Amino acid sequence: MSIRVVQISCTPSGPGWSLDERLHRWPTTADIANAVAGAGADVTVLLAGTEREDLRRGNILYRQFPQLRWPMLADPFWSRAAGLALAHRPDIIHVAGLEAPVPTRALCASGIPVLVQDHASRPKRRTAALWRWGHSRIAGAAFTARAQADPFLKRRQLPAHAQIFVIPESSSRFSMGRRDEARARSNIFGAPALLWVGHLNANKDPLTVLRAIRLARPYLPDLQLWCAFGDAPLLPEINAMLADDPNLGSRVHLMGRLPHSEMETLYRACDGFVSASRREGSGYALIEALACGLRAIVTDIPSFRELTGNGVVGSLVPIGDADAMAEALVSEFGGSAHRSEAGSREVRRHFDTHLSFAAIGAKLMHAYAVLAAGSRRACE
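Thresholds, definitions, all that
Residues numbered from 1 in each chain as written. Predicted model: local features only at pLDDT ≥ 70, side-chain atom pairs only at ≥ 80, totals over all residues. Heavy atoms only, no water. Helix = DSSP H or I, 4+ residues; strand = E, 2+ residues; numbered from the N terminus. Buried < 20%, exposed > 50% of the residue type's maximum accessible area, 1.4 Å probe, protein only. Pairing = 2+ DSSP bridges. Axes fitted to C-alpha atoms, helices over the stretch in contact; angles between N-to-C directions. Phe/Tyr/Trp six-rings, centres within 6.5 Å; stacked < 30°, edge-to-face > 60°. Contact = heavy atoms within 4.5 Å. Salt bridge = Lys/Arg side-chain N within 4 Å of Asp/Glu carboxyl O.

A separate point is unusual backbone geometry. Here the amide bond leading from Ala191 into Pro192 is cis, since omega sits at 5°, within 30 degrees of zero. One non-glycine residue with positive phi stands out, namely Arg89, at about 50°. By secondary structure assignment, the location of Arg89 is in the loop between helix H3 (80–86) and strand S5 (92–96). Accessibility expressed as a relative area gives 62% for Arg89, which makes it exposed. Positive phi, close to 65°, is recorded for Ala120, a residue that is not glycine. Mapping Ala120 onto the fold places it in the loop between strand S6 (114–117) and helix H5 (128–135).

Put into structure tokens, the structure is as follows:
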């Protein structure tokens, strides 16, 4: 018997966007629905939007309602979310995000088990009572890493009875490819060539990465760092650092914002992925790097620890520790400055087993089955 699931998405909609365009701009909504449907679920996705529209893709029905304004804290129509979900007679309601306590409470009142999935949220301070009330009846919560749930449980913004599931937010369809071909297309060079992806801000901590590159340079003389980035509040400080040290500046390439369609080639062209993030809800760039077979030198934070299998496919270093990151770089690439094909295949096997859409679909189906079974037992 198939599990019937209603997924409620809180991705924003722009003025005049069709539902098809919205799913194109926010592909994770459809990706997760497809992953669950591929694992055997009957899936309907409800979205808040500006126009009423239905769209069917394969076996998945997407329904957009203008009445579903998100997060609906002051919306007189917020209670409609439960009625719309119940109309599809689901076994499970899956809410994408922890940022909507009022509608989540309404959905829980339906009697259907509700699973909420974290998307880089933090426990609240001023509105803590509202979050405790809104989430007090959920059946389960999903996080990229189990440790990410602990602050919410400690502050009672998730109930003690909620079952916690370890499930990545999303995955990637990137794949391995030939490094030489990718380098010819992208003009990437270096032995090793390392890739850094993210905003140039304090949380991503690019300055620690640059310090690590400077420390590792004498041991890896042909090392090159390639940086793709979006917002860049630290760019003046980074430019000053590179100008003060020409040896470092000659090895760091600031590429700026690149189309996502070019990123797969960059991952394939590089030998490793590096990140000094201090906090991540998941780590989409890391997931993409692992999909392309790159070993990762990243900070030892809960999401990165989980995504890398506790460092099985890379190295974990303390937050803000440039010396430890430099040592990890030398350890990873001192013997062979290029990634090996065998090493890349090992990383990709880890990705396929734990992080692929098929793996995420199976993990979500397990969570749904556990929560649905618990609900049936409670009714007996």
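Alright, that's what it looks like, and here's the rest.
Right, let's get into the sheet that holds strand S9 (residues 193–197). Strands sit in the order S11-S10-S9-S12-S13-S14 across an open sheet of six strands; the sheet is parallel. Every interior strand has two partners, whereas the edge strands, strand S11 (252–256) and strand S14 (314–317), have only one. Going across the sheet, the axis of each strand differs from the next one's by a mean of 20°, ignoring polarity.

Each aromatic ring pair is summarised here by two numbers: the centre-to-centre distance and the angle between the ring planes. According to the stated counting rule, one finds three aromatic pairs in the structure shown. Relative to Phe152, the ring of Phe143 has its centre 5.7 Å away and its plane inclined at 40°; by these criteria the two rings are tilted. Summarising the aromatic geometry, the rings of Phe174 and Tyr267 are spaced 6.0 Å apart at their centres and angled 55° between planes, so their arrangement reads as tilted. Here Tyr267 lies in helix H11 (residues 263–269) and Phe174 lies in the loop between strand S8 (163–166) and helix H7 (179–186), a separation of 93 residues in the sequence. The buried category is assigned to Phe174, whose relative accessible area is 10%. Exposure remark for Tyr267: the relative accessible area of 0% places this residue in the buried category.

Let's shift gears to helix H12 (residues 284–291). Note: α-helices contain 3.6 residues per turn, so residues at a spacing of three or four share the same orientation. Buried residues dominate H12, accounting for seven of its eight residues. Contact partners of the buried residues in H12: S9, H11, strand S12 (272–275), strand S13 (295–299), helix H13 (302–307) and helix H15 (341–354). Directly after H12, the chain includes Gly293, whose backbone phi takes a positive value near 85°.

Right, let's get into the pattern of salt bridges. All told, the structure shown has 20 salt bridges when counted by the stated rule. Where Arg178 meets Glu181, a salt bridge forms, and the shortest distance between an N and an O atom there is 3.7 Å. With a relative accessible area of 52%, Arg178 lands in the exposed category. Take Glu181: its relative accessible area is 45%, and that puts it in the partly exposed class. Among the ionic pairs, Asp205 bridges to Arg278, the shortest N-O distance being 3.3 Å. One end of the pair, Asp205, is in the loop between S9 and helix H8 (206–216); the other, Arg278, is in the loop between S12 and H12, and 73 residues separate them in sequence.

Interpretation note: all reported values are geometric properties and have no functional meaning in isolation.
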